[in-house]
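Chain by chain, the residues run as shown.
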Amino acid sequence: MYKLCNMEGELQGCNRACTGIENIDEAITLLEQNNWDLVAAINGVIPQENGILQSDYGGETIPGPAFDPSHPASAPAPSSSSAFRPVMPSRQIVERQPRMLDFRVEYRDRNVDVVLEDSCTVGEIKQILENELQIPVSKMLLKGWKTGDVEDSTVLKSLHLPKNNSLYVLTPDLPPPSSSSHAGALQESLNQNFMLIITHREVQREYNLNFSGSSTIQEVKRNVYDLTSIPVRHQLWEGWPTSATDDSMCLAESGLSYPCHRLTVGRRSSPVQTREQSEEQSTDVHMVSDSDGDDFEDASEFGVDDGEVFGMASSALRKSPMMPENAENEGDALLQFTAEFSSRYGDCHPVFFIGSLEAAFQEAFYVKARDRKLLAIYLHHDESVLTNVFCSQMLCAESIVSYLSQNFITWAWDLTKDANRARFLTMCNRHFGSVVAQTIRTQKTDQFPLFLIIMGKRSSNEVLNVIQGNTTVDELMMRLMAAMEIFTAQQQEDIKDEDEREARENVKREQDEAYRLSLEADRAKREAHEREMAEQFRLEQIRKEQEEEREAIRLSLEQALPPEPKEENAEPVSKLRIRTPSGEFLERRFLASNKLQIVFDFVASKGFPWDEFKLLSTFPRRDVTQLDPNKSLLEVKLFPQETLFLEAKE
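Here, residues in each chain are numbered from 1, in the same order as that chain's written sequence. At least 70 in pLDDT is required for a residue's local features to be given in this predicted model, at least 80 for side-chain atom pairs to be given and counted, and no such filter applies to totals for whole chains, interfaces and linings, which use all residues. Side-chain descriptors were evaluated using all non-hydrogen atoms of the structure, hydrogens and water having been removed beforehand.

Chemist: What is the right way to read the sheet that holds strand β10 (residues 235-238) from this model?
Modeler: Whenever strands of a sheet pair, they do so through backbone hydrogen bonds, lying parallel or antiparallel. Read from one edge of the open sheet, 4 strands run β9-β8-β11-β10, paired in mixed fashion. A single partner strand is all that each edge strand has here, and the edge strands are β9 (205-212) and β10. When strand polarity is set aside, the average angle formed by the axes of neighbouring strands in this sheet is 30 degrees. By the bridge criterion, 6 bridges tie strand β8 (residues 193-200) to strand β11 (residues 260-267) in an arrangement that is parallel. Counterpart to Met 195 in the pairing with β11 is Cys 260. When DSSP locates at least two bridges between a pair of strands, those strands are taken to pair. Numbered from the N terminus, helices here are DSSP runs of H or I no shorter than four residues, and strands are runs of E no shorter than two. Angular values range over 0 to 180 degrees, each being the angle between N-to-C directions of two axes fitted as lines to C-alpha atoms, with helices fitted over their stretch in contact.

What follows is the structure, encoded as structure tokens:
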């Protein structure tokens, strides 16, 4: 406590002399961002060429602003425990500025970042690691040096190291880490939920908060800051287990009682308080008083006296809550909110969107530009004296209800319960950023209800307006219409961009469709040509097979024919002269006793099968192929000679 008080007193003088920052809270915020490393915080704020600061710790020169004794704001604090003192500008002192080296040291499943000047030794790195890893220096082997093993007394500058270095620690003399059963139990604890019953000492109020086992102690303290407005650095806790020594430790390994654990938090008292701080606190008190007075005056403007306002607030407190605490499903919570709102203020009220905040975003923003709407978030608080007046007189006014229904998606949330308030602040920080979350966090109870007007943009969601409860129907309507004008201008641009994009996409689709049809037509032509070629090939094959078959038959008939008799033969001989359709003549001698079938075979052996051609005689004209093929030539009167002609059958 004494060290913290000295640090705050020291910051008041050193802060102004070194950085020019007048706000002590801003200086403390910078220190928290740099893990209370004053050197790193100052180096991150001031440029090095402005001057140097000299450290009393090691005699090293550190960049900082120049000291001007003639300027009262730069006068150092009278505290003798200050770690830094301003000196003359750097152009008057020629000293070598230290070179900072970054080390990332790996040990089992942990990584430790160490930043040292190159004038330090290897042993100083081990001393830092001893505090971080809880490993004695004597049991520690620091490996990874590019020059091989080094002694603890070796100065880093002599190793000629780069700015960023990677090392690792070996502990051959220490036992291995705990067994897998312990790891399994830890993993099971990480998946459990812890109920923390936190008592705010100053106001004697309890908060019931649920946290998963994987949440850290730091996250708990930040959530408590959201509820109590006590900064983490000013929180004084009771009830944490002795093993909870580090704020980065998760709840599962901190030793908390499962499933419930009681804690007490209060504001750390600071004995060091300057006259300026006292004046600021006094000013804050007057500001709160003025604001509260304005709220009550606004309430009277609606024609409601103070007694009626307090009576309505008291009756509201006696009713059931607008929203259940720690509701798992946001849609179920909104159903209860809508039902309770209707029971209190009647059925003429805005249509509240039933679903999560993400679903409301989808309904309002992630549709076609012509169908988009503004998102109105109504934040209710039962403990505000303005809530009943705002809901009954303004939010349920027919003109407001009609305008909201036509142009807005309305989503609601109740901040009366601490858990619901913390849950909404988390959602707000995720969707709108820390600035909006901080704005809502700093709103006083009697400034509620709040009306947030949200407009969806291409890359983010923009909060157009935050309307407090101390307003009138006309002012509320004017602010809604002003937001609508901004939204309409943006919507027209979005519609134009969307139409142009759709036109480009339509042209592209038409081109793609024409290209597809062209490909199909080409493919159809190619397939038809392939079918035609295949059919021609098939017919050609059939023709060749038929010709081969006919040729085989012709050859067999030709070989089966009896030999042609000579003109002078002992037996009677018949001489036949056959005219073909092409005008050629086939002549051959046959025995008069030969059957007519032999004449048919002869004609077929010349390529004129008798089933395709008929053999005709002239005088008398008759179809010889109709005669009995088993009769002899003498019997059919084709003796001693005859002229015949071939004619294709129909």
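Chemist: Sorry, what's going on with the pattern of salt bridges here?
Modeler: Should the charged atoms of two oppositely charged side chains come close, the side chains can pair. Salt bridge, as used here, is a side-chain nitrogen of Lys or Arg placed within 4 Å of a carboxyl oxygen of Asp or Glu. One pass over the full model with this rule turns up 29 salt bridges. The salt bridge involving Asp 247 is made with Lys 221; its shortest N-O contact spans 3.1 Å. Of this pair, Asp 247 sits in the loop between β10 and β11 while Lys 221 sits in helix α6 (residues 217-228), and the two are 26 residues apart along the sequence. Note that Lys 614 and Glu 647 form a salt bridge whose closest N and O atoms lie 3.5 Å from each other. You can see Lys 614 sitting in strand β18 (residues 613-617) and its partner Glu 647 sitting in strand β20 (residues 641-648), a full 33 residues away along the chain. The buried label goes to any residue with under 20% of its type's maximum accessible area, the exposed label to any with over 50%, and the partly exposed label to all in between, with areas taken from a 1.4 Å probe on protein chains only. Classification of Glu 647 as partly exposed rests on a relative accessible area of 29%. One network of salt bridges, in which partners are shared, links Glu 340, Arg 344 and Asp 382.

Chemist: Mind showing me how you'd approach the environment of Glu 558 here?
Modeler: Along the chain, Glu 558 falls in helix α15 (residues 473-560). The partly exposed category is assigned to Glu 558, whose relative accessible area is 36%. In the structure, Glu 558 is positioned 45 residues away from Val 603 in sequence and 9.4 Å away in space, judged by C-alpha atoms.

Chemist: Could you clarify how one ought to interpret the packing of α15 against helix α16 (residues 596-605) in this entry?
Modeler: How two helices pack is summed up by the angle between their axes together with the distance between the axes. The interhelical angle for the contact between α15 and α16, taken along N-to-C directions, is 135 degrees, at an axis separation of 8 Å. Overall, the two elements α15 and α16 adopt an arrangement that is oblique. The hand of the α15/α16 crossing is left-handed. Of the residues in α16, those touching α15 at Arg 554, Leu 557 and Glu 558 are Asp 601, Ala 604 and Ser 605. Here the contact of α15 with α16 is built from residues that sort into 2 nonpolar, 1 polar and 3 charged. Orientation is classified from the angle alone, with under 35 degrees giving roughly parallel, over 145 giving roughly antiparallel, 65 to 115 giving roughly perpendicular, and any other angle giving oblique. Put simply, a crossing is left-handed when the front helix is turned counterclockwise from the back one by less than a right angle, and right-handed when it is turned clockwise. Whether two residues touch is decided by their heavy atoms; if any such pair falls within 4.5 Å, the residues are in contact. Residues are grouped as follows: nonpolar covers Ala, Val, Leu, Ile, Met, Phe, Trp, Tyr, Cys and Pro; charged covers Asp, Glu, Lys and Arg; every other residue, Gly included, is treated as polar.

Chemist: Explanation requested: the pairing of β11 in the structure shown.
Modeler: Each regular strand carries side chains that alternate between the two faces of the sheet. As paired elements, β10 and β11 share 4 bridges and run antiparallel to each other. For Leu 236, the partnering residue across the bridge sits in β11 and is Gly 266.

Chemist: How should I be thinking about the environment of Leu 616 in this particular structure?
Modeler: You can see Leu 616 is positioned in strand β18. Of the residues examined, Leu 616 reaches a relative accessible area of 5% and is grouped as buried. Sequence-wise, Leu 616 and Leu 644 are 28 residues apart; in three dimensions their C-alpha atoms are separated by 5.6 Å. Residue contacts for Leu 616: discarding those within four places in its chain leaves Arg 621, Arg 622, Asp 623, Val 624, Leu 644, Phe 645 and Glu 647.

Chemist: Could you clarify how one ought to interpret the pairing of strand β7 (residues 164-170) in this entry?
Modeler: Burial along β7 is one-sided: the residues Asn 165, Leu 167 and Val 169 are buried and none of Asn 164, Ser 166, Tyr 168 and Leu 170 is. Of the pairings in the sheet, the one linking strand β4 (residues 100-107) to β7 comprises 5 bridges and is parallel in character. By the bridge assignment, Arg 104 is partnered in β7 with Ser 166. Relative to β7, strand β6 (residues 141-143) runs antiparallel, the two sharing 3 bridges. Each residue of the ladder has a partner; that of Leu 141, found in β7, is Leu 170.

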